[in-house]
Amino acid sequence: GIMAKLFSALFSSKLEISDTTVGTTPTDNDNLFIKLSNKSVTSVGETWGIGFNSNNAGTDKLGAFVSAFGHYSTNYNTSLIFGTRNTSGNASEKMRLTDSGQLLVGLTSSSNIVAFKDVADIEFDLDGSDAAMNFNSIWRTGVRSSGSSFRFAESNTSLGTNVRMTIETGGQIT
């Protein structure tokens, strides 16, 4: 009782980690990190991370998590997985930042750098040639790199294939 009140009055933080020396770049190993280490890497697909739990009447419920996902094909490459719990009662993956820099929402893999999956499967593809979006892996719309026209194409790979409508610079529709 009295010690807990005294401790609470003296210290306002719930958890504090501090150091007087830290690294100068985000990847310095001497930065002030909280590290979770997998000390026994044995297979592709191992995960480790931080879970956010709630407890009701003695039952632990995982509400959300951030996990590392080890691919380990070369150089211990690792993705980050973000998950939350919905009304179905189970926490599941909602977003992934891959080891190659892709941001995937609702997907676990894609050939695009940013991909969103929902009811309509919308993917953004900004690969340096066409600045385009794919819809349901059937339609592609965006700005064609050659000529700077805005196009609608029945293709999920090119704005130059199966073009259904083009809006030229100046507004002419073809």
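Structure: see above.
Below you will find a few notes about this structure. (Residues numbered from 1 in each chain as written. Predicted model: local features only at pLDDT ≥ 70, side-chain atom pairs only at ≥ 80, totals over all residues. Heavy atoms only, no water.)

## Quick word on the overall build of the chain
For clarity, the threshold we go by: Counting from the N terminus, the helices are the DSSP runs of H or I reaching at least four residues and the strands are the DSSP runs of E reaching at least two. Remark: exposure states derive from per-residue accessible area (1.4 Å probe, protein chains only) relative to the maximum for the residue type, with buried under 20%, exposed over 50%, and partly exposed in between. Residues are treated as being in contact if the distance between any of their heavy atoms lies within 4.5 Å. Residue exposure ignores everything except the shown protein chains as possible cover, and the areas themselves are Shrake-Rupley values with a 1.4 Å probe.
The helix and strand inventory of the chain stands at 1 helix and 11 strands. Counting all 174 residues of the chain, 21% fall into the buried class. Put simply, 9% of the contacts in the chain that link residues at least 6 apart link residues at least 24 apart. A total of about 12,200 Å² of accessible surface is found on the chain, and carbon and sulfur atoms cover 56% of it.

## Let's talk about a nonpolar patch on the surface
What counts is decided by this rule: By definition, no residue in a patch forms a salt bridge, and every one has over 30% relative accessible area; like charges are joined within 9 Å, nonpolar side chains (Val, Leu, Ile, Met, Phe, Trp, Tyr) within 5 Å. Every case where a carboxyl oxygen of Asp or Glu lies within 4 Å of a side-chain nitrogen of Lys or Arg is listed as a salt bridge.
A cluster of nonpolar side chains, namely Leu36, Ile50 and Phe52, defines an oily patch on the protein surface of about 290 Å² accessible area. Its relative accessible area of 47% is what places phenylalanine 52 among the partly exposed residues.

## A short note on unusual backbone geometry
Positive phi values are uncommon outside glycine, yet asparagine 162 reaches one of about 50°. Within the fold, asparagine 162 resides in the loop between β10 (150-153) and β11 (163-167).

## Some thoughts on the pairing of strand β4 (residues 91-97)
Applied cut-off: In this description, strands pair whenever DSSP reports at least two bridges between them.
Both strand β3 (residues 78-85) and β4 contribute to a ladder of 6 bridges, which runs antiparallel. Counted as the bridge partner of threonine 84 is serine 92 from β4. Where β3 hands over to β4, the hairpin turn is made up of 5 residues, of which glycine 89 adopts a positive phi near 100°. Bridge analysis of β4 against strand β5 (residues 103-105) gives 3 bridges, and the strand direction is antiparallel. Each bridged residue has a counterpart across the sheet, and for methionine 95 the counterpart in β5 is valine 105. Adjacent in sequence and paired antiparallel, β4 and β5 are bridged by 5 residues, among which glycine 101 carries a positive phi angle near 95°.

## What about the pairing of strand β1 (residues 46-56)?
In this structure, β1 lies alongside strand β2 (residues 59-70), joined through 11 bridges in antiparallel fashion. Note on β2: the bridge partner recorded for serine 54 is lysine 61. Hairpin connection of β1 to β2: 2 residues between the antiparallel strands, including alanine 57 at a positive phi of 55°.

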